[in-house]
Amino acid sequence: MNVTTSLWALGGMLLVSLSACSLEYRASVLPVEDEVVVQTVPDAQGGYDHPVRLSEQDLTNILKRVRVRFTAHWLQRLLTGPIQPVPLFDAPTLARVAPVLAAALGKAGVMERIVLYVAKRRGPDRRDVTTGALFVKDRMLTIVLFNYQNRVDVIPGLPAYDLTHSETAVAPQHFTLGFDPPEYVVAQDRGLLERMFGGDPPSLRLDYSRFLQFVASGAASIATTNAQTLLP
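The rules we used
- Residues numbered from 1 in each chain as written.
- Predicted model: local features only at pLDDT ≥ 70, side-chain atom pairs only at ≥ 80, totals over all residues.
- Heavy atoms only, no water.
- Helix = DSSP H or I, 4+ residues; strand = E, 2+ residues; numbered from the N terminus.
- Buried < 20%, exposed > 50% of the residue type's maximum accessible area, 1.4 Å probe, protein only.
- Core = buried A, V, L, I, M, F, W, Y, C linked by side-chain atoms within 4.5 Å.
- Contact = heavy atoms within 4.5 Å.
- Phe/Tyr/Trp six-rings, centres within 6.5 Å; stacked < 30°, edge-to-face > 60°.
- Pairing = 2+ DSSP bridges.
- Axes fitted to C-alpha atoms, helices over the stretch in contact; angles between N-to-C directions.
- pLDDT = per-residue confidence, 0-100.

### Observations regarding unusual backbone geometry
No. 1: The amide bond that connects histidine 50 to the next residue, proline 51, takes the cis arrangement and shows omega of 0 degrees.
No. 2: Topologically, proline 51 is positioned in the loop between strand E1 (35-42) and helix H2 (56-63).
No. 3: For the bond from aspartate 180 to proline 181, the omega torsion is 10 degrees, close enough to zero to count as cis.
No. 4: Note on placement: proline 181 falls in the loop between strand E7 (175-179) and helix H6 (190-197).
No. 5: One non-glycine residue, aspartate 138, lies in positive phi territory at about 55 degrees.
No. 6: Looking at the element boundaries, aspartate 138 is found in the loop between strand E5 (126-137) and strand E6 (140-153).
No. 7: We classify aspartate 138 as exposed; its relative accessible area is 53%.
No. 8: Despite not being glycine, arginine 139 shows a phi value in the positive range, around 65 degrees.

### Comments concerning the nonpolar core
The tendency in soluble globular proteins is for nonpolar side chains to be buried side by side.
No. 1: Grouped together as the largest cluster of nonpolar side chains are 35 residues, with contacts concentrated most on Ile62, Leu63, Leu88, Phe89, Leu101, Phe179 and Tyr208.
No. 2: Broken down by element, this core gets its largest block of residues, 7 residues, from helix H4 (residues 91-107).
No. 3: With sequence-adjacent residues up to four places away left out, leucine 88 is seen in contact with Leu63, Val66, Val68, Thr130, Leu145 and Tyr148.
No. 4: Counting residues in each nonpolar core, the second largest holds 9 residues, with Ala133, Val144, Phe146 and Phe197 among its members.

### Observations concerning the packing of aromatic side chains
Where two aromatic rings form a pair, the distance of their centres and the angle of their planes describe that pair.
No. 1: One pass over the full model with this rule turns up 8 aromatic pairs.
No. 2: On the basis of an interplanar angle of 75 degrees and a centroid distance of 5.2 Å, the ring pair of phenylalanine 146 and phenylalanine 197 is categorised as edge-to-face. With phenylalanine 146 in strand E6 and phenylalanine 197 in helix H6, this residue pair connects regions lying 51 residues apart in the sequence.
No. 3: Judged by its relative accessible area of 9%, phenylalanine 146 is buried.
No. 4: Within the aromatic cluster, the residues linked to one another by ring pairs are Phe179, Tyr184, Phe211 and Phe214.

### Points about the pairing of strand E4 (residues 112-123)
No. 1: Of the pairings in the sheet, the one linking E1 to E4 comprises 8 bridges and is antiparallel in character. Note that in E4 the partner of proline 42 across the bridge is glutamate 112.
No. 2: Relative to E5, E4 is paired through 9 bridges, and the arrangement is antiparallel. Looking across to E5, one finds that alanine 119 is bridged to valine 129.
No. 3: Taking the residues between adjacent antiparallel strands as the criterion, E4 and E5 are bridged by 2 residues.

### Some thoughts on the sheet that holds E1
Within a sheet, adjacent strands bond to each other through the backbone by hydrogen bonds, running parallel or antiparallel.
No. 1: Read across the sheet, 5 strands follow the order E1-E4-E5-E6-E8 without closing on themselves; strand pairing throughout is antiparallel. At either end of the open sheet lies a strand with only one pairing partner, and these are E1 and strand E8 (203-206). Across the sheet, the axes of successive neighbouring strands diverge by a mean angle of 20 degrees, strand direction being ignored.

### Here's the deal with the side chain of threonine 93
No. 1: Take threonine 93: it is sitting in helix H4.
No. 2: Contact partners of threonine 93, with chain neighbours within four places excluded, come to Val118 and Lys120.

### A short note on the confidence of the model for the protein
No. 1: Averaged over all residues, the pLDDT of the protein is 82; the fraction at 70 or higher stands at 74%.
No. 2: Here residues 3-30 scores under 50 on pLDDT; set against residues more than four positions off or in separate chains, the count is 7 contacts.

### Things to note about the sheet that holds E7
No. 1: The sheet built from 3 strands is open, its strands ordered E3-E2-E7 with antiparallel pairing. Either end of the sheet is taken by a strand with one partner, and the two such strands are strand E3 (86-87) and E7.
No. 2: Here 2 bridges tie strand E2 (residues 66-70) to E3, and the two strands are oriented antiparallel to one another. Bridged to arginine 67 within E3 is proline 87.

### Let's talk about the environment of histidine 174
No. 1: For histidine 174, the location among the structural elements is in the loop between helix H5 (161-164) and E7.
No. 2: In sequence terms histidine 174 and phenylalanine 70 are 104 residues apart; their C-alpha atoms lie 5.8 Å from each other.
No. 3: Filtering out sequence-adjacent residues up to four positions away, histidine 174 remains in contact with Arg69, Phe70 and Thr71.

Put into structure tokens, the structure is as follows:
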């Protein structure tokens, strides 16, 4: 066999080998689905008031008042006007989130905070993720938000980074958190958040007990009014 023939034979073997490798390897990805994941994570800062007994309805009443307001460049504000705040969760999502959050708060220890991950399917290879953390300290409920409906493109062969690193923004976003009514918002301990997360993510600190008392008094007032209306 001459040198030319040997080279052709070697090239053919390499092509067969490469073809075999390409046939054997197929990068796959799990289908994109709606998902809610709530878990407790260890926290060295600790000293929380956990466990906290809040009912599903209590958490629903709190979370449905949380608002997300995106900040805009001055030119955008000039062209479109102020950006209106939007609810943290729509009603169907809140109905899925509240029960598992209530359960997690009821089981968390004094050295654990709660981490939340919510994914919404936007196509076969895309999801929008909302992630955050919650904890109760000094009788105040703190809600921290890292992603709000932030787009994640699902790439075959790459791990789901957004799920394994829920306390990290998957892409830059600029927003603040608010509450309606605002009188139950308490000044945030920025130093605590800096120690916990190495930064100052959007957050909200609430006097949730006083707010729930307000909700209960309103419900009682409505019930009394209805009862009086039914009297002959």
